[in-house]
Amino acid sequence: MIDFDVVTLSRLQFALTALYHFLFVPLTLGLSMILFVMESVYVMTGRVIWKRMTQYWGVLFGINFAMGVATGITMEFQFGTNWSYYSHYVGDIFGTPLALEGLVAFFLESTFVGLFFFGWDKVSKIGHLIITGLVALGSSLSALWILIANGWMQHPVGARFNYHTMRMELSSFSEVLFNPVAQAKFVHTVAAGYVMGSVFVLSISAWYLLRGRNVAFAKRSLAVAASFGLACSISVVVLGDESGYLDGENQKMKVASIEAEWKTAPPPASFTLFGFPDVAARTTHAEVKIPWLLGLIATRSIDQPVLGIYDLVARARSRVVSGIEAYSALQQLRGSAEPPDAGVLQRFEGNQADLGYALLLLRFTDDPATATSQQIDAAAWSTVPNVPVLFWCFRLMVGLGLFFIALFATAFYFATRHRFERHPWFLKLAFFSLPLPWIAIEVGWIVAEYGRQPWAVDGVLPTFLGVSRTSVGNVWMSLTGFVIFYSALAVVDAFLLVRTIRRGPEGLGYL
């Protein structure tokens, strides 16, 4: 039975609000770029139908954008209400890209969104196209700064611990900015957003064609979605491979858990296509493997091993022991007068990189310096995230990614031959595929964030230490409030989108 303590409830609240907010962010990314493509065709050809297409899909973009803003602002307040120690401990680093997201990206995007809707008759065609491009740029920049912050949580670089203030402090902004994990997450996430936008346009256009409505409008929209979506769906797979390689370099436990690889296999490691992870027995039943594939993804080689969970736990145990040395030295430094003892300071600095692992012991003892061997073992095994959740979510994400490539390739083939009406089966398939990119992106986010556990910042700060000093009742109250508020927003969003789609471009005066 789940113990709904402050940590569990705070994690649940942030997970629900983040997953809900992430319903809107990728669609904003995808639609903004598709609007830019459509308006570019209008500027180059002068054909009014492309302007009407941009305006109509822009209305759906506007509804989604407004919902994304409303859910994003409320979500960020949780860093102060539920995660105040996290904000205190790493706020110097984490807060910088968040501030830049608001100052640089959000204001750019929100300003030009207004000009996009109300500037059609007030600026030239080229001027309005630039405005649409700036909307798309603002959306991408917003994602960039958020993912730089998140990438630092996955792979903390450019920061150091100050034992005087007991906080992490920024030491190199350029390292945080050009963090390879953050850059890989950014391009992968943006490409996934483009896929979502393409499926959205493809599905609704297919619905119009099935009903014989707005045929010329729907055919052109579908052709744009097919070509843009095909390129982006292939890119998602390629960029996902890069993310897998970086995880293999920097988050080995995440990779081992995704693969349910309990023991290190001889290189090159095989990819587990199917199986049933058994956490209790620490094995995977009925495995179906693809030889060499995991080794190529995670190490880009055929002679390097992909470490299994047992070996990684052994590594974690040694880091916990080293972290105890750092923790003990830190206690002495904090309790001594200046200047610090040179030997104690040297012992702390020599083991400082593993201090976070000693903090894992605070789940099992009040004083990590006196931890028993059993408690050290428990802390080491706590570095293993939920293997079955990661295993199945990853495979669902990959399977849907391959499906999107096939869907867009088929749509592109039909678009080049203008044969959509002859294949109603495909139009139905395209329409019923509408929810799939949301599923793929949500499970992908679960893989990225759940795979980082038990860390709020990988190797630095355990998640359970980041929460605020508040009561279970307070968190229950805020969680209930968020569920009610977001449920109401979901009803409003669904109503507006469905009404706009049913009315069609002619109902809004765009045809």
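Residues numbered from 1 in each chain as written. Predicted model: local features only at pLDDT ≥ 70, side-chain atom pairs only at ≥ 80, totals over all residues. Heavy atoms only, no water.

This next bit is on the overall build of the protein. What the protein contains, in helices and strands, is 19 helices and 6 strands. A compact globule built from 511 residues should have a C-alpha radius of gyration of about 24 Å, and the protein, at 25 Å, falls within 12% of that. Its C-alpha atoms give the protein principal-axis dimensions of roughly 75 × 50 × 40 Å. Looking at the protein as a whole, 52% of its 511 residues are labelled buried. Total accessible area on the protein stands at roughly 22100 Å², and carbon and sulfur atoms take up 66% of it. (Helix = DSSP H or I, 4+ residues; strand = E, 2+ residues; numbered from the N terminus. Rg over C-alpha atoms; globule rule 2.2 N^0.38 Å. Buried < 20%, exposed > 50% of the residue type's maximum accessible area, 1.4 Å probe, protein only. Areas by Shrake-Rupley, 256 points an atom, 1.4 Å probe, with all protein chains shown as cover.)

What follows concerns the packing of helix α1 (residues 6-21) against helix α18 (residues 436-450). Interhelical geometry of α1 versus α18 gives an angle of 145° and a closest axis separation of 11 Å. Note that α1 runs across α18; the crossing there is right-handed. On α18, the residues touching Arg11, Ala18 and Leu19 of α1 are Glu442, Trp445, Ile446 and Tyr450. Considering only residue class, the contact of α1 with α18 consists of 5 nonpolar, no polar and 2 charged. (Axes fitted to C-alpha atoms, helices over the stretch in contact; angles between N-to-C directions. Left-handed = near helix turned anticlockwise from the far one by under 90°. Contact = heavy atoms within 4.5 Å. Nonpolar A, V, L, I, M, F, W, Y, C, P; charged D, E, K, R; others polar.)

This brings us to helix α16 (residues 387-417). Between its terminal C-alpha atoms α16 stretches 46 Å, which fits the 45 Å expected from 31 residues at 1.5 Å a residue. Once α16 finishes, His418 follows within two positions and takes phi at roughly 50°, a positive value. (Expected span 1.5 Å × (residues − 1).)

Turning next to the pattern of salt bridges. Scanning the model with the defined rule gives 9 salt bridges in all. Asp92 is the partner of Arg167 in a salt bridge, and the nearest nitrogen-oxygen pair spans 2.9 Å. On the criterion of sequence distance, the pair formed by Arg167 in strand β2 (residues 167-170) and Asp92 in helix α5 (residues 84-118) is long-range, its members being 75 residues apart. Under the relative-accessibility criterion, Asp92 is labelled partly exposed at 30%. The residue Arg452 makes a salt bridge to Glu449 at a minimum N-O spacing of 2.5 Å. Glu449 shares its class with Arg452; the two are buried. (Salt bridge = Lys/Arg side-chain N within 4 Å of Asp/Glu carboxyl O.)

What follows covers a nonpolar patch on the surface. A cluster of nonpolar side chains, Leu273, Phe274, Phe276, Val288, Ile290 and Trp392, forms an exposed patch at the surface whose accessible area comes to about 510 Å². Elements that contribute at least two residues to the nonpolar patch include exactly β3 (271-278) and β4 (283-290). Take Val288: it is sitting in strand β4. A relative accessible area of 40% places Val288 in the partly exposed class. (Patch = residues over 30% accessible without salt bridge, like charges linked within 9 Å, V, L, I, M, F, W, Y side chains within 5 Å.)

A separate point is the side chain of Thr54. Inspection of the secondary structure assignment puts Thr54 in helix α3 (residues 48-76). At a separation of 3.3 Å, a polar atom in the side chain of Thr54 contacts the main-chain amide nitrogen of Glu39. Those residues in contact with Thr54 that sit more than four places away from it in its chain are Leu35, Met38, Glu39, Phe116 and Trp120. (Polar contact = N/O pair within 3.5 Å; in protein donor to acceptor, adjacent residues only side chain to side chain.)

Turning our attention to the packing of α16 against α18. For the pair α16 and α18, interaxial distance at closest approach is 9 Å and the crossing angle is 145°. When the axes of α16 and α18 are compared, the crossing they make is left-handed. On the side of α16, the interface is formed by Val389, Leu390, Cys393, Phe394, Leu396, Met397, Leu400, Phe403 and Phe404, while α18 contributes Leu436, Pro437, Ile439, Ala440, Val443, Gly444, Ile446, Val447 and Tyr450. Here the residues of the contact of α16 with α18 are counted per class, giving 17 nonpolar, 1 polar and no charged.

Among the secondary structure elements, Met67 is positioned in helix α3. Sequence separation between Met67 and Ser243 is 176 residues, and the spatial gap between their C-alpha atoms is 29 Å. If sequence neighbours within four positions are ignored, Met67 has contacts with Phe24, Leu489, Val492 and Asp493.

With that settled, consider α3. An ideal rise of 1.5 Å per residue puts 42 Å on 29 residues; α3 measures up with 41 Å between its terminal C-alpha atoms. Within α3, 21 of the 29 residues are buried, leaving the element largely enclosed by the surrounding structure.

Turning next to unusual backbone geometry. The residue after Pro267, namely Pro268, is reached through a cis peptide bond having omega -5°. In this structure, Pro268 sits in the loop between α10 (252-258) and β3. If you check the backbone angles, Arg282 has positive phi at about 55° while not being a glycine. Along the chain, Arg282 falls in the loop between β3 and β4. Note on Arg282: relative accessible area 33%, which makes it partly exposed. We note that Trp292 has phi near 75°; this positive angle belongs to a residue other than glycine. Its location among the elements puts Trp292 in the loop between β4 and α11 (293-299). Its relative accessible area of 44% is what places Trp292 among the partly exposed residues.

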